[in-house]
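# Geometric and topological summary
Given next are the chains, with one letter for each unit.
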Amino acid sequence: MADIRLSLIDALHGALQSAAVELPPGFQAGLERPARREHGDWSSNAALVLAKPVGCNPRELASQLVSWLETNRPTHVAEVTVAGPGFVNFHLADSWLHSVITDAVQAGADSYGRHAFGNGQNVIVEFVSANPTGPVHAGHGRGAAYGDAVARLLERCGYTVNREFYINDRGTQMDLFGASLTARHKGQPVPEDGYSGQYISDWVQEMPANTDARQWGCQRALVDQKQVLQAMSVSFDTWFSEQALVDSGAIAHTLEALKSADATYEAQGALWLRSSDYGDDKDRVLIKADGEYTYLLPDIAYHCDKLKRVGPDGVLINVWGADHHGYIARMKAALAALGHDPSRLEVEVTQLVRLERDGVEVRIAKRSGTIVELRDVIDEVGADAARFTYLLQSMDTAPTFDLAKVAAQVMENPVFYVQMAHARLCSIADRARAAGVVQGGTHQTNLGLLTHEREHEMIRQLALFGEITAAAAQERAPHRVTAWLRDFAGTVHGFYHDCYVVGSHIAPELTQARLALVDAGRVGLAAGLATLGVSAPQAM
RNA sequence: GCCCACGUAGCUCAGGGGAAAGAGCACUUGCCUCCGGAGCAAGGGGUCGCAGGUUCGAAUCCUGCCGUGGGCGCCA
């Protein structure tokens, strides 16, 4: 699929050369989409940017560029104009619109919007990593939807992705969890700071009498977590056990490496990491005075292990909640102290979801009784709506979901609007088949019959998809796809409303052309939904 | 006090150096002989938190302030 932008940029550079403009070092002609239709399909600010260094009037320079471009038009360019303070605007011909349809139909939903720039680079995306001390809650759902969508986007852009879940199956929290199960099993009150949720009482009923409560509880929690995540179509390639890492001797190994890098010291009976030498606010304890590891030490060993597994050219992406933000500096400091390039660890921080029920905040407290389980959210609104809703907005915003409203507003959820657009296009194709229409290939179809403004809008919107997937992957921002889907679904509904495809009053050639557009639209919607992990139903 | 994110329409949010500020919901008003009305169209509604600065150009970048959320453990 030829990228129209590349040919336009080439043409711009050609025009600049012919105008004998000396380009500042590193100059790249900028190309953007104008907000207004009359400003064409693509617009360049090159004349505005260069006017000052070159020392000439921006409009004059733009005129020079335009006159060259008008006599040397790249493929699909119908007209080049000067506008405003000195923009160079490209207006594309209908032939370009037709190529958009052909590209989409030929690619199909699996391949459409794919890119190769990932170049097979290894990426480990670690997300959720909820403690195995209970069910995943509604807050984890956002990280689950986000991490999986980022992974899907990276895959679509040519990266080799591994989804990983880190299991904190040892340490203080696990001891407390085990003690809580044991106490509840004997009908005793749970220890102070123990776990007291309803699920503890429920699980204890299944627990055999003479078993290691800690270990049994961990397995019980993992089974529960996997099941719920699976219900949301989130699955992991690797479930990485902290206990297994500790058992392998990796901690001692990491400790030795830190010591020989002179990155540790002893004070007040504890062993400290000189993290402040590597950009952290203060030094951090690795081994407490009582001899126990802090959370940090195994986690450093874990990240070293991940770096080894991802290979020298690979990168790590961690999805952390905002409550772990303060942790980034010390982890990067530790990696730097060990001689790793800290930029190989990328931490995506997601702001925390706030939950309300009828306007009253519900705290998601780990050990208190008021847990809103992810399972309940999925049961209430369905996996598709849950995922789409979690990905509706940027991870930098802290959304408030009112559970009562989420349940009540299912029909208003944008996911249905988007899925409905897909189902409608499918129903048109079904209807055509039922009416005995035999669809020809796009190359034998006269796409020039697509002259309705609705049709053109839909094609232009579809043409953005490739840029959207690339940007969404690079910015780790799946909500860009969500936003595009809503916009595109809007143009599809408009087309559906105004442009009948099958019927006695529609010329057979027009039916053919519109069916091609219908196919292209289905590809775009299905591909977009696929990158979010949301289904594209044929009928609703 | 320090660190991070956010503050855009009544509400939920896109946009994140370019030309006249965008969507959904809500509200008002039209549109079903016709591919699914879970739809389409039109309308009202904005000092883009405040104040400076950088720039040919700022909602967008920088600084300060105000407000909101999160963090600042020998918890994880």
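In this report, we go over the structure that sits alongside the text.

Let us now look at unusual backbone geometry. One can expect most non-glycine residues to show negative phi and most peptide bonds to be in trans. Notably, Asn119 is not glycine yet its phi reads approximately 60°, a positive angle. Following the sequence through the fold, Asn119 ends up in the loop between α4 (94–111) and β5 (122–126). The exposure class of Asn119 is exposed, given its relative accessible area of 70%. Residues other than glycine seldom take positive phi values, yet Arg476 does so here, at roughly 50°. Relative to the assigned elements, Arg476 resides in the loop between α18 (465–474) and α19 (479–498). Of the residues examined, Arg476 reaches a relative accessible area of 16% and is grouped as buried.

What follows is about the nonpolar core. Core analysis: the largest hydrophobic core is formed by 130 residues, its most contacted members being Phe90, Val128, Leu154, Tyr390, Leu485 and Leu525. No other element matches the 11 residues that helix α20 (residues 508–532) contributes to this core. Each residue touching Leu485, except ones within four places of it in the same chain, is listed here: Phe388, Val418, Leu525, Gly528, Leu529 and Leu532. Counting residues in hydrophobic clusters, the runner-up holds 32 residues, among them Phe240, Leu273, Tyr327 and Ala337.

Okay, the sheet that holds strand β1 (residues 31–32) next. In spatial order, the strands read β1-β2-β4-β3; together these four strands make up an open sheet with antiparallel pairing. The outermost strands of the open sheet, each flanked by one partner alone, are β1 and β3 (77–83).

The next point concerns the packing of aromatic side chains. On inspection of all chains with the given rule, the structure shows 16 aromatic pairs. Centre to centre, the rings of Trp320 and Tyr327 are 5.7 Å apart; their planes meet at 70°, and the pair counts as edge-to-face. Assigned by exposure class, Trp320 and Tyr327 land together as buried. In textbook terms, an aromatic cluster arises when at least three aromatic residues are bridged by ring pairs, as seen for Tyr112, Phe465, Trp484 and Phe488.

Cut-offs and rules
Residues numbered from 1 in each chain as written. Chains lettered and ligands numbered in written order. Predicted model: local features only at pLDDT ≥ 70, side-chain atom pairs only at ≥ 80, totals over all residues. Heavy atoms only, no water. Helix = DSSP H or I, 4+ residues; strand = E, 2+ residues; numbered from the N terminus. Buried < 20%, exposed > 50% of the residue type's maximum accessible area, 1.4 Å probe, protein only. Core = buried A, V, L, I, M, F, W, Y, C linked by side-chain atoms within 4.5 Å. Contact = heavy atoms within 4.5 Å. Pairing = 2+ DSSP bridges. Phe/Tyr/Trp six-rings, centres within 6.5 Å; stacked < 30°, edge-to-face > 60°.

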